[in-house]
Every structure is written in C-alpha cells, then in structure tokens.
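# Descriptive analysis of the structure
These are the residues of each chain, in order.
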Amino acid sequence: MQPDLHQKQQQGIDVAVLVSIGRHPTTGRARRAEQDARGLELALAIEAELPGTRISMLHAGSQDDSSEAALRGYLGMGLESMTLLEQPEGSDAILPLVEHLAATSPQLVITGARAERGEGSGLLPYALAEHLGWPLVNSLASVEKVENGVVTLLQALPRGQRRRLKVRLPAIISVDEAAPVARQSAFGPARRATFAITTTTSEADSELAQWHLAPARKRPKRLKIVKAASARDRFKAAASKSEGKGGQVLTDVTPEQGAEAIYKLLKEEDVLR
Amino acid sequence: MLETLLPILIFTALALAVIGAVRRIRLWRQGRPSRVNLFKGLVALPRRYLVDLHHVVGRDKMISNTHVATAGGFVAAAVLMILVHGLGIANPLLGGLLLLASTSMFVGSLFVARRRLNPPARLSKGPWMRLPKSLMAFSIGVFLITLPTVGLLPEGLLEGGSSWLLALVLAGVVAWGLGEMFFGMTWGGPMKHAFAGALHLAFHRRAERFSTKKGGAGRSTGLKALNLEDEAAPLGVEKPADFTWNQLLGFDACVQCGRCEAVCPAFAAGQPLNPKKLIQDMVVGMAGGSDAAYAGSPYPGKPVGEHAGSPHGPIVALEGKALVDADTLWSCTTCRACVEECPMMIEHVDAIVDMRRYLTLERGKTPNKGAEVLDNLIATDNPGGFDPGSRLNWAADLNLPLMSDIKQVDVLLWLGDGAFDMRNQRTLRALVKVLRAAEVDFAVLGTEERDSGDVARRLGDEATFQSLAKRNIDTLAKYRFLQIVTCDPHSFHVLGNEYGELGGHYEVRHHSTFIAELFDAGRLTFAPWKGGSVTYHDPCYLGRYNGEFDAPRNVLKALGIEVKEMERSGFRSRCCGGGGGAPITDIPGERRIPDMRMNDVKESGAELVAVGCPQCTAMLEGVVDASAEVRDIAELVADALVERSADDVSGASRRTTASTTAEEVIV
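Residues numbered from 1 in each chain as written. Chains lettered and ligands numbered in written order. Predicted model: local features only at pLDDT ≥ 70, side-chain atom pairs only at ≥ 80, totals over all residues. Heavy atoms only, no water.

For chain B, the name recorded in an unreviewed UniProt entry is (Fe-S)-binding protein, with Vreelandella neptunia as its organism.

Per an unreviewed UniProt entry, chain A is named Electron transfer flavoprotein subunit beta, and its organism is Vreelandella neptunia. As recorded by UniProt, the Sequence similarities (unreviewed entry) comment attached to chain A reads in full: "Belongs to the ETF beta-subunit/FixA family." (UniProt positions renumbered as here; feature names shortened; annotations may be inferred.)

Set out below in structure tokens:
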C-alpha cells in the first residue's frame, strides 16, 4: 500500500477555484453564488480523492462588509484562506485573474458558468481560456480522475445525458446545476479563515459602464400543445424529447453564411428588431 | 473485638469516600468554568432537595415513600453510627435512635428489593440489582452491632472466644454495607447519585428552576446564548470537557431510573435516542471508556458496546464511531418531557443543543434539509425561502393595521412563519376575527417581521438565531405596544424567554391566554357548542416550556366544551414530533411521533382535537386516516362567536369602519 499512497500523493494537483459574489434570487441579498459554490464543492471532492491536492480560491473585486460576508460563505466550506485580488467596483475582473493565474500556474481552474450579478454573461471562463490559451470544458457534472496530467471529466448535456471527456492539463472547467450541490457553510471555519489581499492592476470595464442594467425577467415559454387522449400519451409527451420541426440544418457553410442564417432567424423570432 | 474493628472500618470507609470525592470532583472540573455561587447553592440545597425535588419524585408515591424511608434512614443511621460506633459514644438514647434509623432503612430496602424483583424495562440493571442487598447488609449489620449498645444483647456476647466467628461475619456484613454506601458513593457505584445528586442540586446551572421561600417561578427553559463576540470561545460542545463543570456534575447525578426514557417521544418512535443512555454516555465520556457496562435499554437500533470516548476526545466522530452518533442528537424534538420527569433535574435538552451547536457551527453538518432551511433563514428571514414581501399576502383583504403606520398600539400581533402556510393562515384569519370581535387595539409588523429564530437555534445555528433576534429586537424597539400576542408557542417562547438575554424584554401572550382574558373580561360571547367530543393537545413550548396548561382549557370550557383528557396531557403531554427542527432533520425511526399522538387522541375517544400551535396542527393533520379532526383553538372560538347586541357593546361608536368591513369579509 505504501508505494500506492506515495504515488497518489504525487498526483495531487493545484486547483484554483474562481468565486464571485452571488445574489439571492428572491431577496437579492449577497451570498455565495450557487454555481461557484458547486465549483468549490467539486474541488473539495478532488482533494478528498487525490491527497496532496492544493486548492486556492480567488476572487477579484472590491472588499467591503457585505462582500466579505458572502465570500466567507465559501470559506465556511472548509478552506483556511482565500486570495482577494482587490480592485475598485466596476473594474474588469479578467485581466487581474489572467495575471494571477499565469503567475501561480494552477493545473485546473474551476469557475461557475455565469455570475449572479453584474453582466452575468457567462463569458468569463471563455475570456480566461482565450487569454491563457487553455482548453475549456463547460457544464461539468463531475471530475472522475486525474492521472499523469490528464483529467477525465463528465460533462452534462441536455436531458440528463453525460459525455466523458479526457482533457490535458492545464484546463479551465465551468460548472452549472449539473454538479453536486455545495456543502453547508459552517460559521466557525468561515469566521476564522483569512483573506490574502493583493492589489492588482485594474482597468475600468468601459463596456460595462456603457450598459444599462436591469433585473432579469423570465422569458415566457412557448406553449407546448399536447393533444393526448390518455394519461399514457400525456406522460410520453412530457417525457419524450421534442422533435425539432421546421428547423434547418446547416452543414459545410462559411461562417458568414452561418451568421446570416442565425441573423435571419433572430429577426423572424422578433428577438432582434 | 468489634469495638476495635468498627471504628477502623468506619473511618477507613470515610477516608476512602473522601479520596473518591476528590477524584470525582476532579473529573467534573475538567469541564469549562461556570459562574455559580457555591455558598448560596449549598445553603439552598436542603430546600431544593426537600421541596422542589420532592414535587418531581412525589409523582410516583410508592418510590417517593420508599426513598424517604431508605435515604432518610441511611443518613440518620450513618451519622449516628459514626457517633456511636466510630467515636464510641455508647449512649443508649443514641443507640435507640440508631436502631430506629436502621430499621426504617431496612423497611425501605425491602421495597427497593420488591421493585427489583421484576423491574420495568426503563430501569437499568447491572450493578443496580445488587443495591437492595447492599442496603439490607448495611441496615441489618448496623442494627445487629447496635443491639449490645442499648443493652438488648449482653455486651460480652460477641467478645467471647467462641463467638469470634459470629463477630467476624457481622464485621463482614457491616464492611459490605459501608463499602457500598460510603466508598461507592464517590467511586462510581449506584450510590454515586447521592453525592453527585446533592451537589448537582446545589450548583445547578438553572438556579431559577428552584423555588425559594418567597415563592419563585421554578421554570427556566430558555437556552443560554453563546458568546459570539469572543472569537476564542468555543462554538458548542465538541468533547465532554467542553461542557461546563456543573453540566458534567449534572450528568453524574443520573440515577438511571429511566423516567426520561419512558416519556421520550423519539425513543417511543424507535429513533436512535434514549435520554438516559445519552446522559450515561456523557458520564462514560467524562470518565473515559466504553459504554459496554451500560445495563439499560440501548438507543433503538444501536447495540451497546460499540461506542467509546474520553474527556478530550470528540463526542461525534468525523468518521466511524465515537461516543455518540450524530443521528442520536438530531432525533430530539426538544419537547423537554425528559427534563420535566427527571428526579435529578438533569438538563438533557441543553446538552443536546450544545452538541448540535458544534455540529452546525463548526462542522456544517446539519442533516437532511437542515442546511437548506438555515440558508433560507439567512437569505430570506423565513425557513421556507419565501419572498419576505409576501408575508402578508394572506391578509390582503383584511386591511390589517401596520405598526409602521400607527406606531403605538395595545397588542402587537406576531404572525410567525405560519403566515406562509395555507393551513395556518386559516388560524390567523380566525384569530383576527376574534380580536376584531373583542375590539382589541392591535396591529401587525407585516413585512418587517422576521422568523423568531426558534428553528435556527434548536438546529444549533446560534449565529443565525442571534442575527434574526437582534434585527427583530431593533424592529420592535421602533414601536410602542403593551404586549405581543401570537398563535405560535415557539415564537412565544423565544420572544418571551430567549430575547431577554439579547436585550429584548417583552410581555408575550399565547393567543389562548389572551382569548381567555378577553372572555373573562366579558368581551366575547359564544354560542353553545354543538360539535362532538373534544380533547386538547398541549404544545410542548406552551405547556412544559411556559407552564400554560389552564388558559386553553378555560377557553374550551367557555365555549361549552368538556375536554376529554388524553392519558398523556398537561405536563406529561406527548410531543407532536414537530419541535426542535425534528421534521427538518428527519431521522428515521420505526414509527412516526404524530401517528402515536393521534393514537392517543383516538384512545381518548374524541372526535376533534383542539390545538394551539402551527407545528402541532401540521404534524397532526399529516396523520393518514386520522380518527379526529384537528382545529386550532382560535378557529373554534371564531366559529362560536356571537354578535353582541348594541347594549353589550360599550361605546359602539368606537368601532372602526375597517373592523366592520373585515368581519363581513371573514364571515
């Protein structure tokens, strides 16, 4: 058993978890963001599986009382400290994160799919991947194993389907509701944990400044008309995969043609006017 | 020969008892400090023992009398024996008294022996089975050696060389008795309860529970707050040594009579909790070792002998087993039936919540839906995660006056989290109708109200409780009111008994108390009761926690209802299973507690069970195929209301238009 254990310890990897400040959907109070917390849960699962794994937690943003309370929500999951890349409100988080990640070079970066406040565009993991030149896998359900610099991942696809992927490290993975629920945040560890505050070069997010922000609204769903005579038919209709109708499959087209087709559809659907 | 042997025996036993006492005290002192007035406690001890304790023990007349004869006889015999045989004051008067005392003790021990012949399951066996024999050995031995002192036997009978064997046998019997009674008292035998029990009464952490000559309420049920300002202070209890020293002393006082076990709803439901075993496990943890020597009923579904601990080892293991499993702690409904029954006044619920605090605050291990409920409380101020702005939606048509508008009022109606529950909204509407009929000047906080923090606190999340409580206290401080009325006994208890420590002092009334007062003041008139037979289920947090047993019954009486009492009612009422976050943590058992309670209702033959708590309503209405209907007292009152004639209504012009319209709407 001894050599096995030794080997396992060698396999421990550096994981960086990026966390943001969340927002409760009904009250809007600051809290740990749902998806980011699931990301940290994933990292803690890797740590439990792979002794020797080191988790660092990163947040880029300003420091104040309410944000600290929210960030301590993550620390209460069992981390002793986190790194805070301090930058003024309204700054672009991507540059300092890229700088920090490039300097500390973790093997795996875990993020949530999208933030719960601000733009919430979900672009951050993609922007990071582009800057760092690392592969990105989205909608992670779980990390199955890490071996010789290759990580085996389970990606969640619609309707409960899963896809197993092997990715060479370093890589960025983003999690959404498919990943396991985050553990409870405990008050004691959260209170004791410390912040390592680093001031970074920050750049005002000029694009964000131009935007007009409004609370998100739920888009109305299209009615699915089911003409079923029996309970069995209704059940089948509810459970079965809806067949795409009236769509158009584009293969072997130039990017311009593809964009043209998408633009046309958006016009037809009244998304763009 | 005996004349030289007896003093040696007596003083050896006394010396060993003193050494044992020092060792035992050192075990207790492993605990954390606790502020206790030692002198005042010792002075109060006789009264606490003879009055307060007697009230509890006296519920079982037979055992009470047995104990008076045995213990009284023993104490008298012990003191007299030290004088007569230890110091050699061979006074015939003292000798006669000693004969009397040992006879009384012997008679007592016969009754103790009778109880041990076929002991009920709740009693611990093991070393306890030898106790009647030891009591007899002591009393008979002392009796016999005293006979020569009073001249009933010739002095020389035991001196002659021929009878040295008799003398030796007698000395052996006395030594056996002395060993159990003196030595065993401080070294951990069954008689330990006498030493630890007496000191536990003197240094009890809830001195308020005891009466004084001036009276005294004798009820102290609010949990003690954790100091969250001090970051070095431990959050709850991780290991036995984290209990305060007088808590450890309290555990050591347990007589293993199993009265707690007999009333524990979780034990009866087959959930892995037995209050007696839990206290014994704490004793094992304090002294170090395993529970293999425990001789009573185990935790249902958990064999004895698998758990072990030490004063500085964890109580609940991170992995595997330690002293106690977490599900044992989460099975408790905090109904306090065990505390109410305990003849040694042990505080089981405090200990359980202390250990839960550690699990929640330090480990983040609140089971099942616990974490979700706590997150909801933090983010939305209510356990269900509802939009706090919708707290008053059920009353959209009632035109309820808001505190924020009128600032000053007689009665502040505290809605509780039942405001989000459709069943309890019916109760609340009924209560509003009653208040309007009695022309009570009341208002609600509306969306300014938050959860009282009861669930958070019982689940061990002291931080969330204090956050909610402080914000509620700040809100209440903005307004002026004479009293708070609520239909939720849990809010009632927390607001009335637990906010005080955080700076909020209020006069709080349960709606049944308030309605009873309104009726007594002639402000309510009821139509005669036409329904069937009714029983009343006492909510734990109203009855046992706050001593309100009469008001709900008086209200039912005023309605013309003759209550058919269940076998377990009043201070012995069985819990509905809804307290202490038990429905949230949901530890599986063999039966459900509400099913057992509904069975009690069925046995009483009642067609309707009157309740006074949203939790009880929810739990009892959740029983499948129930034989009785469940209705809140407020609903029964609202149904029976009679419009009073204009003469009865003093100052009819006082009626506001709002109340008239609202009544019309409700009816």
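There is more to say after this.
### What about the overall build of chain B?
Counting its regular elements, chain B contains 27 helices and nine strands. Here chain B has a C-alpha radius of gyration of 29 Å; the compact-globule value for 667 residues is 26 Å, and the two agree. With the C-alpha coordinates of chain B rotated into their principal frame, the extents come out at 105 × 55 × 45 Å. Of all intrachain contacts in chain B linking residues separated by at least 6 positions in sequence, the fraction that spans at least 24 positions is 77%. Surface accessibility of chain B: about 27000 Å² in total, with carbon and sulfur atoms responsible for 58%. (Helix = DSSP H or I, 4+ residues; strand = E, 2+ residues; numbered from the N terminus. Rg over C-alpha atoms; globule rule 2.2 N^0.38 Å. Contact = heavy atoms within 4.5 Å. Areas by Shrake-Rupley, 256 points an atom, 1.4 Å probe, with all protein chains shown as cover.)

### Let's talk about the packing of aromatic side chains
All names here are of chain B. One pass over the full model with this rule turns up twelve aromatic pairs over all chains. Ring geometry for Tyr541 against Tyr545: centres 4.0 Å apart, planes inclined by 10°, an arrangement best described as stacked. Of the two residues, Tyr541 and Tyr545, both sit in the buried class. Grouping aromatic residues by their ring pairs yields a cluster made of Phe74, Phe138 and Phe182. The lysine or arginine in question, Arg336, covers the ring of Tyr545, its NZ or CZ lying 5.7 Å from the ring centre. (Phe/Tyr/Trp six-rings, centres within 6.5 Å; stacked < 30°, edge-to-face > 60°. Buried < 20%, exposed > 50% of the residue type's maximum accessible area, 1.4 Å probe, protein only. Lys NZ or Arg CZ within 6 Å of the ring centre and 35° of its normal.)

### Some words on the UniProt feature "transmembrane region" (unreviewed entry) in chain B
Residue and element names in this part refer to chain B. As recorded in UniProt, the feature "transmembrane region" (unreviewed entry) lies at residues 6-25, 68-87, 93-113, 134-152 and 164-183. With 100% helix and 0% strand, the stretch residues 6-25 has end C-alpha atoms that lie 28 Å from each other. For residues 134-152, the helix share is 68%, the strand share is 0%, and the end-to-end C-alpha distance is 25 Å.

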